[in-house]
Amino acid sequence: LFISSALYERMQRKADFDAKIASLSEKISECRKEISSEDGYPKYKAAFNAICYIEAAKQADWQNEDQWNRKKAYFNSLLDEQKCPEQGQPYILPSLPIDMADIPQGAFQMGATIGEYGSEEREYPRRNIIINYEFWISRTEITNMQFRELFPHHAVEDWAGNRLDKLFQPAVMLDWHMASSFCAAITEKEKKAGRLPEAYEYRLPTEAEWEYACKAGTTTAFFWGNSFGNDGAKFANTFDIKTSRIHKWRTEKGMADNDKYMVSSPAGSFKPNAFGLYDMSGNVWEWCYDWYNPRAYKELDIVAPVQTKPVAAELEMRGTFDRPYTIEGTSRALRGGSWGNLPSDCRSAARDSAVPETKDTGIGFRIVLAPSIKKTSE
């Protein structure tokens with residue numbers, strides 16, 4: 001009986017493995033068909049999808065890694081044939097498989113409304129901000145798969161028995177410098193390939209760019225409305241009632257019952273905003289370019305504002321589920337909230353910060369292709 005049971009279990013694992021590889025192979029074949037019938041962004045998006053399927057297959061079928069890498073090389077060559085990004089059009093980053101959404105220039109109201117639940121002094125005054133240039137932003141947070149293209153040995157340990165290192169989960173446990181180095185490496189690659197628009201660079205988004213992209217034309221607390229609840233769980237992965245019962249952490253009014261994730265979700269698991277961007281609220285905090293300035297909305301210009309110089313301030317710091325503590329120092333801005341934060345911390349206008357060397361299970365990033373920012377001495 002023992003031998004029979006072991007043989008059956010082995011056969012079942014083999015059947016599951018074969019089914020998974022067959023399914024991924026079929027999806028790759030479908031991508032090839034799309035590529036042959038499409039042009040422009042849809043064609044390259046199909047190549048992007050194929051690369052994601054190949055990476056999933058390669059992880060499962062690691063004994064045939066070389067075979068999968070040869071398949072991947074074909075789709076990488078397709079991406080590499082692209083030219084400079086076209087105005088008003090999304091594109092797939094050629095040197096790394098990253099889906100970039102185009103964001104038109106425009107104006108928006110930056111900051112929180114008076115009385116917005118969870119709002120703080122650092123989010124005031126709300127004011128009209130002008131973004132006087134078009135830019136592109138990654139449609140999702142940078143995933144482990146993407147980050148490991150440049151940092152192949154980046155590893156993240158489990159948190160409370162939950163994995164954070166899956167291919168399509170956002171890359172975490174990386175500080176501001178690592179995120180900026182990732183952007184700089186892409187800039188160099190695209191510059192050498194002749195695909196970098198003049199006076200543009202790949203970098204972290206400014207706070208203004210981030211909030212403009214997050215709100216996507218809305219003026220409400222979240223990009224879907226003013227309340228969270230179970231409707232919010234369709235758009236964002238935040239701290240929910242189910243998780244609060246397990247970890248016995250604090251709650252607030254209007255939380256979702258269960259968003260189906262204990263930690264970070266695979267990028268793009270929830271509904272996007274009007275710009276087609278995923279996880280702008282929740283999942284993981286996102287590093288921004290700016291030095292954090294609690295008085296930024298009272299001191300910076302209204303046209304493409306950015307805090308380029310460090311500002312000393314009293315900072316409330318916290319890790320996921322940890323008791324907050326206060327320090328005096330300089331830090332970089334964080335936006336968006338995370339899977340370990342209450343919904344009020346994940347509002348479109350919510351601001352936070354961390355010292356640049358911080359590595360946390362709830363902090364990741366996304367990238368932009370935007371006008372270069374003149375560096376200042378620190």
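As a starting point, this report considers the structure included with it. (Residues numbered from 1 in each chain as written. Predicted model: local features only at pLDDT ≥ 70, side-chain atom pairs only at ≥ 80, totals over all residues. Heavy atoms only, no water.)

**Remarks on the overall build of the chain**
In step 1: For the chain, the helix and strand inventory stands at nine helices and 13 strands.
In step 2: Relative to the 2.2 N^0.38 estimate, which gives 21 Å for 378 residues, the radius of gyration of the chain is 21 Å and therefore close to what a compact globule would have.
In step 3: Along the longest, intermediate and shortest principal axes, the C-alpha atoms of the chain span 70 × 55 × 35 Å.
In step 4: Residues classed as buried in the chain amount to 52% of the 378 residues present.
In step 5: Restricting to contacts in the chain with at least 6 residues of sequence separation, those with at least 24 account for 72%.
In step 6: Within the structure as shown, the chain displays about 17600 Å² of accessible surface, and the carbon and sulfur contribution to it stands at 50%. (Helix = DSSP H or I, 4+ residues; strand = E, 2+ residues; numbered from the N terminus. Rg over C-alpha atoms; globule rule 2.2 N^0.38 Å. Buried < 20%, exposed > 50% of the residue type's maximum accessible area, 1.4 Å probe, protein only. Contact = heavy atoms within 4.5 Å. Areas by Shrake-Rupley, 256 points an atom, 1.4 Å probe, with all protein chains shown as cover.)

**Observations concerning the sheet that holds strand β5 (residues 135-138)**
In step 1: The strand order across the open sheet built from five strands is β1-β2-β5-β13-β6, with neighbouring strands paired in antiparallel fashion. The two strands at the open ends of the sheet, each matched to only one other strand, are β1 (91-93) and β6 (200-203). For this sheet, the mean angle separating the axes of adjacent strands, direction not counted, is 35 degrees.
In step 2: For strand β2 (residues 98-103) and β5, the ladder comprises four bridges, and the chain directions are antiparallel. Note that in β5 the partner of methionine 100 across the bridge is serine 138. (Pairing = 2+ DSSP bridges. Axes fitted to C-alpha atoms, helices over the stretch in contact; angles between N-to-C directions.)

**As for unusual backbone geometry**
Among all residues except glycine, the phi angle is most often negative; among peptide bonds, the trans geometry is most common.
In step 1: Backbone torsion omega between tyrosine 124 and proline 125 reads -10 degrees, so that peptide bond is classified as cis.
In step 2: Phi is positive for aspartate 279, which is not a glycine, with a value near 60 degrees.
In step 3: Following the sequence through the fold, aspartate 279 ends up in the loop between α8 (241-247) and β7 (285-291).
In step 4: Its relative accessible area of 0% is what places aspartate 279 among the buried residues.

**Re the packing of aromatic side chains**
In step 1: Going through the model one piece at a time under the given rule, you end up with 21 aromatic pairs.
In step 2: On the numbers, 5.2 Å between centres and 65 degrees between planes, the contact of tryptophan 159 with tryptophan 339 is edge-to-face. You can see tryptophan 159 sitting in the loop between α4 (144-147) and α5 (176-192) and its partner tryptophan 339 sitting in the loop between β10 (332-335) and β11 (351-354), a full 180 residues away along the chain.
In step 3: For tryptophan 339, a relative accessible area of 1% gives the class buried.
In step 4: Put simply, the rings of Tyr117, Phe222, Phe223, Trp224, Phe228 and Phe235 pair up and form one aromatic cluster.
In step 5: Here the guanidinium or amino end of arginine 250 rests over the ring plane of tryptophan 249, the centre of that ring lying 5.3 Å away.
In step 6: Seen from the ring of tyrosine 297, arginine 351 lies directly overhead, with NZ or CZ sitting 4.8 Å from the centre. (Phe/Tyr/Trp six-rings, centres within 6.5 Å; stacked < 30°, edge-to-face > 60°. Lys NZ or Arg CZ within 6 Å of the ring centre and 35° of its normal.)

**Points about helix α3 (residues 65-80)**
In step 1: The terminal C-alpha atoms of α3, which comprises 16 residues, lie 22 Å apart, in line with the 22 Å expected from a rise of 1.5 Å per residue.
In step 2: All of the buried residues along α3 are Trp68, Lys72, Phe75, Leu78 and Leu79. Buried residues in α3, looked at end-on, bunch into an arc of 105 degrees, giving them a common side. In this structure, α3 carries Asp66 and Arg70 as exposed residues pointing more than 90 degrees from its buried face. (Expected span 1.5 Å × (residues − 1). Arc of directions from axis to C-beta.)

**As for the pairing of strand β4 (residues 127-131)**
In step 1: Side-chain alternation along β4 places Arg127, Ile129 and Ile131 on a buried face and Asn128 and Ile130 on a face that remains uncovered.
In step 2: Note that strand β3 (residues 106-110) and β4 share five bridges and pair antiparallel. Counterpart to glutamine 109 in the pairing with β4 is asparagine 128.

**Quick word on the side chain of asparagine 162**
In step 1: By the element assignment, asparagine 162 lies in the loop between α4 and α5.
In step 2: Judged by relative accessible area, asparagine 162 falls into the buried class, the value being 19%.
In step 3: In this structure the side chain of asparagine 162 is engaged in a polar contact, spanning 3.1 Å, whose partner is the backbone oxygen of alanine 160.
In step 4: When near neighbours in sequence (up to four residues on either side) are disregarded, asparagine 162 contacts Met262 and Val263. (Polar contact = N/O pair within 3.5 Å; in protein donor to acceptor, adjacent residues only side chain to side chain.)

**What to know about the pattern of salt bridges**
In step 1: Tallying each qualifying case throughout the model produces 23 salt bridges.
In step 2: Taking the shortest distance from any N to any O, the salt bridge between aspartate 18 and lysine 14 comes out at 2.8 Å. Of the two residues, aspartate 18 and lysine 14 are both situated in helix α1 (residues 2-37); the distance of four residues between them amounts to about one turn of the helix.
In step 3: Of the charged contacts in the structure, one is a salt bridge between glutamate 81 and lysine 43, with a shortest N-O distance of 3.0 Å. You can see glutamate 81 sitting in the loop between α3 and β1 and its partner lysine 43 sitting in helix α2 (residues 40-60), a full 38 residues away along the chain.
In step 4: Because the salt bridges share partners, they merge into one network encompassing Glu207, Glu211, Lys215, Arg335 and Arg351. (Salt bridge = Lys/Arg side-chain N within 4 Å of Asp/Glu carboxyl O.)

**Digging into the environment of proline 90**
In step 1: Of note, proline 90 is situated in the loop between α3 and β1.
In step 2: Judged by its relative accessible area of 17%, proline 90 falls in the buried class.
In step 3: If we skip the residues at most four places from it in the chain, proline 90 touches Tyr41, Met100, Ala101, Asp102 and Arg139.

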